[in-house]
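Here are the chains, one letter per residue:
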Amino acid sequence: MIQNVLTKDSTLSFEVFPPKKDGEFEAAFEVLKSLSLLSPDYISVTYGAGGSRFGKTVEIASYIQNELGIDAMAHMTCVGNKKEQLLEVYEALKANNVNHVLALRGDRPKDMTDEQFDSRDFAHASDMIEFLKANTGLHMAGACYPEKHYESFSMESDLKNLKTKQDAGAEFFISQLFFDNDYFYQFMEKADKKGITIPICAGIMPITSAKQIGTTITLAGSSIPKSLADIIAAYGDDPEDMRKAGIDYAIRQIRDLQENKINHIHLYTMNKPMMAKEIANNIYR
Ligand code: FAD
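All residue numbers here refer to positions counted from 1 along the written sequence of the relevant chain. Only residues with pLDDT of at least 70 get local features here, since the model is predicted, and only at 80 or more are side-chain atom pairs given and counted; chain-wide, interface and lining totals rely on the full set of residues. To obtain the side-chain values, all non-hydrogen atoms of the structure were included, while hydrogens and water were left out.

> Just checking my understanding: could you explain helix H6 (residues 125-135) for this structure?
Along an α-helix, residues three or four apart share an orientation, since each turn contains 3.6 residues. Classification of residues uses two cut-offs on accessible area relative to the type maximum, computed with a 1.4 Å probe and protein chains only: under 20% is buried, over 50% is exposed, and between them is partly exposed. Numbering goes from the N terminus for both helices and strands, where a helix is a DSSP run of H or I of at least four residues and a strand is a run of E of at least two. Within the sequence span of H6, burial applies to Ala125, Ser126, Met128, Ile129, Phe131 and Leu132. Looking at the buried residues of H6, the elements they touch are strand E3 (72-77), helix H4 (83-95), strand E4 (100-104), strand E5 (139-144) and helix H7 (155-168). Note on contacts: a residue pair is in contact if any heavy atoms of the two residues lie within 4.5 Å.

Structure below.
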């Protein structure tokens, strides 16, 4: 159980995404097999916010849980789903022995109308967690934001809402990606003062290509410290050098966290097992 895993002194977990097309499952299974050799404590599988491709998340989570024997955590969002649809996802997960969910609100898909958005059953992740806690046997984690969620006016109000998520039944948190550990240390201190007592996994995404800055990172709203900006400026045009420098930055970032007693690391693998291997072999384990 993931909750048990988090009673260990340290954990390393991975995030993967499901294939977009049916024909890509075999390749995805090979990626998962390679990742499994690194003995992660659990693997989480992302979910499209609208919920249309949930079958792919379930299939990948099932493979992790049942074929690889590693705890799988399926991400689940409520922005595009009614109660009944969430219960259908739950039934599909249960039928595949997947008992752990990262319960998220999700972002509003571009093609969602105001009417669809406003008629959702759950306004916030905490509402969905409360509902699933009362109606299913799922174990749930929630998301947290070391640099605050982009909709929040202040860190103070975001942390108040995070406490609501803990009180609703979240058993641990996984953080948004960040590149500057100082933000994470400050966040941990403030969360502690707000009464957050459940474990928090630090989300780390290696920057192995300059293109990531324009896509994922912009969406996540994470600050780029000067040391990382300098690496991108120096190596951004050379894919192999950028890859090496980005992995090296992630290793140094994780080791600094570990040296400061942050021992639950969640690696956004982007389905790249070689990168995950280089990192897993060079951090404290
Ligand atoms: P919430 O916890 O609902 O928070 C959203 C905002 O509402 C925050 O500003 C919060 O402060 C505020 N809020 C919360 N509760 C209340 C309340 N009771 N009253 C007033 N305000 C409140 N997205 C996907 O679509 N698929 C994925 O697989 C996925 N995986 C993710 C994994 C991680 C680790 C993280 C950090 C994010 C992931 N996301 C994913 C993105 C996520 O869906 C977005 O960040 C989304 O905008 C917020 O989701 P949430 O669950 O944190 O929302």
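Back to the text.
> What is the right way to read the packing of aromatic side chains from this model?
Each aromatic ring pair is described using two quantities: the centre-to-centre distance and the angle formed by the ring planes. Centre distance within 6.5 Å is the pairing criterion for rings of Phe, Tyr and Trp, where only the six-membered ring of Trp is used; planes under 30 degrees apart are then read as stacked, over 60 as edge-to-face, and the remainder as tilted. Within the structure shown, the criterion is met by 6 aromatic pairs. Geometrically, the ring pair formed by Phe29 and Tyr63 is stacked, given 4.0 Å between the ring centres and 15 degrees between the ring planes. In this pair, Phe29 sits in helix H2 (residues 25-36) while Tyr63 sits in helix H3 (residues 54-67), placing the two residues 34 residues apart along the sequence. A relative accessible area of 12% places Phe29 in the buried class. Each member of the aromatic cluster is reached from another via a ring pair, and the members are Phe25, Phe29 and Tyr63. For a ring to carry a charge above it, either NZ of a lysine or CZ of an arginine must fall within 6 Å of the ring centroid while also lying within 35 degrees of the normal to the ring plane. Of note, Arg120 hangs over the ring of Phe117, and the distance from its end group to the ring centre comes to 4.1 Å. Arg255 extends its terminal NZ or CZ atom over the ring of Tyr284, reaching a point 4.4 Å from the ring centre.

> I'm lost on the packing of helix H8 (residues 181-193) against helix H11 (residues 239-259) in this one. Help?
Helices that pack against each other are described as a pair by the angle of their axes relative to one another and the distance between those axes. Every angle, taken between N-to-C directions, lies between 0 and 180 degrees, and every axis is a line fitted to C-alpha atoms, over only the stretch in contact when it is a helix. For the pair H8 and H11, interaxial distance at closest approach is 11 Å and the crossing angle is 30 degrees. Our classification of the angle between H8 and H11 gives roughly parallel. As for how H8 packs across H11, the hand of that crossing is right-handed. Along its contact with H8, which presents Asn181, Phe184 and Tyr185, the element H11 presents Gln253, Asp256 and Leu257. Residue classes in the contact of H8 with H11 are distributed as 3 nonpolar, 2 polar and 1 charged. When describing relative orientation, an angle under 35 degrees is termed roughly parallel and one over 145 degrees roughly antiparallel, while 65 to 115 degrees is termed roughly perpendicular and anything else oblique. By definition, turning the near helix anticlockwise from the far helix through less than a right angle yields a left-handed crossing, and turning it clockwise yields a right-handed one. For this classification, Asp, Glu, Lys and Arg are treated as charged, while Ala, Val, Leu, Ile, Met, Phe, Trp, Tyr, Cys and Pro are nonpolar and the rest, including Gly, are polar.

> Mind showing me how you'd approach the layout of surface pockets here?
Rolling a probe over the atoms, with the probe sized like a water molecule, indicates the empty space that remains. Cavities and pockets were defined on a 1 Å grid built over protein atoms only: a cavity is a set of grid points that admits a 1.4 Å probe from which the probe cannot escape, a pocket is an open set flanked by protein on both sides within 12 Å along at least five of seven lines, and lining residues are those with an atom within 4 Å of any such point. Grid points are joined across faces, edges and corners, and a volume is the space filled by probe spheres set on the points. Here the second largest pocket is characterised by a volume of approximately 160 Å³. Around the second largest pocket sit Met188, Ala191, Asp192, Ile196, Thr197, Ile198, Pro199, Ile200, Lys261, Ile262, Asn263 and His264, which together line it. For the lining of the second largest pocket, the residue count by class is 7 nonpolar, 3 polar and 2 charged.

> I'm lost on the state of the cysteines in this one. Help?
A covalent bond bridging the sulfur atoms of two cysteines is what the word disulfide describes. Cysteine sulfur atoms that pair up within 2.5 Å are treated as a disulfide. Applying the stated criterion to the full structure yields 0 disulfides. Distance from the sulfur of Cys78, which forms no disulfide, to the nearest cysteine sulfur (Cys144) is 17 Å. Distance from the sulfur of Cys201, which forms no disulfide, to the nearest cysteine sulfur (Cys144) is 8.7 Å. Residue Cys201 is classed as buried on the basis of its relative accessible area of 0%.

> Sorry if this is basic, but what is going on with the packing of H4 against H6 here?
Closest axis-to-axis distance for the H4/H6 pair is 12 Å, and the angle between their directions is 55 degrees. Between H4 and H6, the angle falls in the class oblique. As H4 runs across H6, the sense of the crossing is right-handed. Along the contact surface, H4 presents Lys83, Leu86, Leu87 and Tyr90, while H6 presents Met128, Phe131 and Asn135. Classifying every residue of the contact of H4 with H6 by side-chain character gives 5 nonpolar, 1 polar and 1 charged.

> When you look at the nonpolar core in this model, what are you seeing that I'm missing?
Generally speaking, nonpolar side chains in soluble globular proteins are found buried as a group. Here the nonpolar core consists of buried residues drawn from Ala, Val, Leu, Ile, Met, Phe, Trp, Tyr and Cys, with membership extended through side-chain atoms lying within 4.5 Å. Counting residues in each nonpolar core, the largest one holds 79 residues, and the members touching the most others are Ile60, Ile64 and Ile279. In terms of residue count, H11 provides more of this core than any other element does, 8 residues in total. Excluding residues that lie within four positions of it along the chain, Ile64 makes contacts with Val16, Leu32, Ile43, Val45, Gly69, Ile70, Asp71 and Ala72.

> It is not clear to me how unusual backbone geometry should be interpreted in this structure. Could you clarify?
Trans peptide bonds make up most of the peptide bonds, and negative phi angles are found at most residues other than glycine. In this model, Ser39 sits at a positive phi of 50 degrees, which is unusual for a non-glycine residue. By the element assignment, Ser39 lies in the loop between H2 and strand E2 (43-45). Phi at Asn271 takes a positive value of approximately 60 degrees, unusual for a residue other than glycine. Here Asn271 is to be found in the loop between strand E8 (264-268) and helix H12 (273-280).

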